[in-house]
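Structure at a glance
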Amino acid sequence: MPVAIMTFGPDGVMRIANHAARELMWKGDIRAAMFHDLFEGLGRPVSEWLADVVAGRHPGGSEVLRVRGEEERFLQITLRRHVEGGRPGALAILNDATRLKTMEAQFAQSQKMQAIGQLAGGIAHDFNNLLTAISGHCDLLLLRHGREDSDFADLEQIRQNANRAASLVGQLLAFSRKQTLNPEVLDLEDVLGDLTHLLNRLMVEKVDLVLAPMGRVAGRPLGRIRADKRQVEQVLINLVVNARDAMPEGGDIRIETEPVTLAEDLQRDRATVPAGDYTVIRVVDHGVGIPDHQQRQIFEPFFTTKRVGEGTGLGLSMAYGIVKQSGGFIFVDSVVGQGTTFSLYFPVFEGPDQAPVAEVRRVAAKQGEGVILLVEDEASVRAFASRALSLRGYTVLEAANAEEALAKLEDRSLHVDLFVTDVVMPGMDGPAWVRRAHLERPGVKVVFMSGYAEDGLAEDQARVPNSVFLPKPFSLNDLTNTVQGLLS
């Protein structure tokens, strides 16, 4: 029969294995075997499951079990009570479930990464609110303390550490793909040329950095990409530092750039890279390598193989988020004892060069004039922003949510020059209430504040005229300069 069949006695001794079963288990060999010596992974002894089926205490059914002694091989075992010649036993039908189990594990990993990303993004959003309040109130205190004041150094320490915390939160946002990016058209060889000096300073004795422009050697120009230059540099720094740490005995770190054209979709590591033109950058080391079971976890936040105090485990997760948010793909190939290669695929940008962005005019801090409606559900952020704007001479009206703001605007005699509003709030969000308010007050300008990336707002913001985006956490000067710049 073309179906793998075995029979077992109540004691687990294999009685019969047909040709298909022997091919599946032992490549055609004939062996004596016990049920519990063949399979494992039920969560309880597999021999108990077999005994229950033979005794009639369990109706049988299917279970996916691991082949004992083989980490990555799984079989679906269907057991039924079987009586032959008056002797009770169990009939087992075997199907190879390795591919199914692998897909299940990949799906579970994908779901876990998505869940961690959502959690990280939510935590980062809440932390950005807290850091805005901490650094903001610190700025307010610094206004009342000069450098000669004994408290100035303490306040400066608070402000600096709040900024360090903001950088850490930015890494979480990078992993969850909700950070603010400033994409521009880049030539990766130019980026590497500017970055080489810094990368060489990161090298230690016996470790050298080698740049290998593969496209230039083959006479093929490297395609331009559209990404945030600062974030791409951060990805390369993280990968190079990891490569350096993976070679304690020394060696070369090779950074390759190459134009690649995919004639058909590339299926790899739960990802599908669409056919097309790509600019590929590889960071290659000949270090200790990454074991197979760890390769599935290296992009998870806080997963690290380094000792305590040597890393946060956010470097690769941040690289993963930045590359994904830029529309690219990141893959790892590694052999223990031979080295690791990280490959980054960025789609070639075919559009025109962007027009140079006009430099934002810096507005000198001065007394402002006008009425501002401030809408923020976080009380501490609202208190800081209100005081900061009031100190600049603005009249500030506060609202804890969109519904309260719209209720204030029902007073037709109230004149408002500017809305300053959070984007994500309980109930109605920022863009929604602003559009409703603009039906009656079409000329009012808007400052949108958010701890998430601007691209999450872009579509809504495009439909709101005269609006700008202010990412959290922001300082007192960031807030007042944005407001003054918009009103003037």
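This one's a predicted model, so the numbers in the text were calculated from it and none came from an experiment. (Residues numbered from 1 in each chain as written. Predicted model: local features only at pLDDT ≥ 70, side-chain atom pairs only at ≥ 80, totals over all residues. Heavy atoms only, no water.)

Before going further, it helps to spend a moment on the overall build of the protein chain. The helix and strand inventory of the protein chain stands at 15 helices and 20 strands. Within the protein chain, the proportion of its 488 residues that are buried is 45%. Across the protein chain, the fraction of contacts at a sequence separation of at least 24, relative to all contacts at a separation of at least 6, is 65%. Accessible surface, the protein chain as shown: approximately 25200 Å² in total, 51% of it carbon and sulfur. (Helix = DSSP H or I, 4+ residues; strand = E, 2+ residues; numbered from the N terminus. Buried < 20%, exposed > 50% of the residue type's maximum accessible area, 1.4 Å probe, protein only. Contact = heavy atoms within 4.5 Å. Areas by Shrake-Rupley, 256 points an atom, 1.4 Å probe, with all protein chains shown as cover.)

Relative to the elements of secondary structure, R270 occurs in the loop between β11 (266-268) and β12 (271-273). Take R270: its relative accessible area is 45%, and that puts it in the partly exposed class.

On average, residues of the protein chain score 82 in pLDDT, and 84% of them are at 70 or above. A low-confidence stretch, residues 355-365 stays under pLDDT 50, and its non-local contacts, those more than four residues away or across chains, total 9 contacts. (pLDDT = per-residue confidence, 0-100.)

With that settled, consider the sheet that holds strand β2 (residues 14-17). Strand order in this open sheet of 6 strands is β2-β1-β6-β5-β4-β3, and the pairing throughout is antiparallel. Two strands close off the open sheet at either side, each with one partner strand: β2 and β3 (39-40). By the bridge criterion, 2 bridges tie β3 to strand β4 (residues 61-67) in an arrangement that is antiparallel. Counterpart to F39 in the pairing with β4 is V67. (Pairing = 2+ DSSP bridges.)

One can describe the packing of helix α6 (residues 188-202) onto helix α8 (residues 229-245) by two numbers: an axis separation of 10 Å at closest approach and a directional angle of 45°. With respect to each other, α6 and α8 are oriented oblique. In the crossing of α6 with α8, the sense of the turn from one axis to the other is right-handed. Every residue of α8 that contacts α6 at L188, V191, L192, D194, L195, L198, L199 and L202 is listed here: K229, V232, E233, L236, I237, V240, V241 and R244. (Axes fitted to C-alpha atoms, helices over the stretch in contact; angles between N-to-C directions. Parallel < 35°, antiparallel > 145°, perpendicular 65-115°, else oblique. Left-handed = near helix turned anticlockwise from the far one by under 90°.)

Let us look at the packing of aromatic side chains. Within this structure, the stated rule accounts for 8 aromatic pairs. Geometrically, the ring pair formed by F8 and F35 is edge-to-face, given 5.0 Å between the ring centres and 75° between the ring planes. With F8 in strand β1 (residues 4-8) and F35 in helix α2 (residues 35-38), this pair connects stretches of sequence that are 27 residues apart. For the pair F8 and F35, a shared accessibility class is recorded, and that class is buried. (Phe/Tyr/Trp six-rings, centres within 6.5 Å; stacked < 30°, edge-to-face > 60°.)

Bringing helix α13 (residues 430-438) into the picture now. If you check which residues of α13 are buried, you get G430, P431, W433, V434, A437 and H438. When α13 is viewed along its axis, its buried side chains cluster within an angular range of 165° and face the same direction. The residue sitting at the N-terminus of α13 and contributing the capping side-chain oxygen is D429; that oxygen lies 2.9 Å from the backbone nitrogen of A432. (Arc of directions from axis to C-beta. Polar contact = N/O pair within 3.5 Å; in protein donor to acceptor, adjacent residues only side chain to side chain.)

Spatial ordering of the open sheet is given by β17-β16-β18-β19-β20, a layout of 5 strands whose pairing is parallel. The sheet terminates laterally at β17 (395-399) and β20 (467-471), the two strands that pair on one side only. Shown here is a sheet whose adjacent strand axes are inclined to one another by a mean of 20°, direction ignored. In this sheet, β17 lies alongside strand β16 (residues 371-375) in parallel orientation, the contact comprising 5 bridges. Residue pairing across strands places L374 opposite E398, the latter belonging to β17. In the packing of helix α11 (residues 379-391) onto the sheet, contacts are made with β16 and β17, and the angle to β17 comes to roughly 165°.

On to the packing of α11 against helix α15 (residues 476-487). For the pair α11 and α15, interaxial distance at closest approach is 10 Å and the crossing angle is 60°. The angle between α11 and α15 places the two elements in the oblique class. Read as a crossing pair, α11 and α15 show a hand that is right-handed. In this structure, α11 uses F384, A385, A388 and L389 to contact α15, whose residues at the interface are L476, L479, T480 and V483. Among the residues making up the contact of α11 with α15, the classes are represented as 7 nonpolar, 1 polar and no charged. (Nonpolar A, V, L, I, M, F, W, Y, C, P; charged D, E, K, R; others polar.)

Attention now moves to the pattern of salt bridges. Under the definition given, this model contains 17 salt bridges. For E258, the salt bridge goes to R282, with nearest N and O atoms at 2.8 Å. Pair noted here: E258 is in strand β10 (residues 251-262) and R282 is in strand β13 (residues 276-285), with a separation of 24 residues, a long-range link. When the shortest N-O distance is used, the salt bridge between E398 and R382 registers 3.5 Å. A residue pair is termed long-range when its members are at least 10 positions apart, and E398 in strand β17 and R382 in helix α11 qualify at 16 residues. Ionic contacts of the salt-bridge type, sharing partners, join the residues R44, E48, D52 and R57 into one network. (Salt bridge = Lys/Arg side-chain N within 4 Å of Asp/Glu carboxyl O.)

Moving on to a nonpolar patch on the surface. A contiguous nonpolar surface patch, about 430 Å² in accessible area, is contributed by I123, F127, L130, I134 and I158. For the nonpolar patch, the element with the most residues is helix α4 (residues 98-142), which contributes 4 residues. Tracing the chain through its elements places I158 in helix α5 (residues 152-175). Judged by relative accessible area, I158 falls into the partly exposed class, the value being 45%. (Patch = residues over 30% accessible without salt bridge, like charges linked within 9 Å, V, L, I, M, F, W, Y side chains within 5 Å.)

Excluding glycine, most residues fall at negative phi; most peptide bonds, likewise, are trans. Residue P473 is bonded to the preceding K472 through a cis peptide linkage, with omega at -5°. In this structure, P473 sits in the loop between β20 and α15. In this model, K206 sits at a positive phi of 80°, which is unusual for a non-glycine residue. Of note, K206 is situated in the loop between α6 and β8 (207-213).

This part takes up the environment of A51. Within the element layout of this structure, A51 appears in helix α3 (residues 46-55). For the pair A51 and D11, spaced 40 residues apart in the sequence, the C-alpha separation amounts to 7.3 Å.

Turning next to the pairing of strand β14 (residues 329-335). Most of β14 is tucked away, with 5 of its 7 residues classed as buried. Counting the residues in the hairpin turn of β14 and strand β15 (residues 339-347) gives 3 residues, including G337, whose phi is positive at 85°.

With that settled, consider the side chain of S135. Topologically, S135 is positioned in helix α4. Discounting residues that sit within four places of it in the chain, S135 has contacts with A162 and F474.

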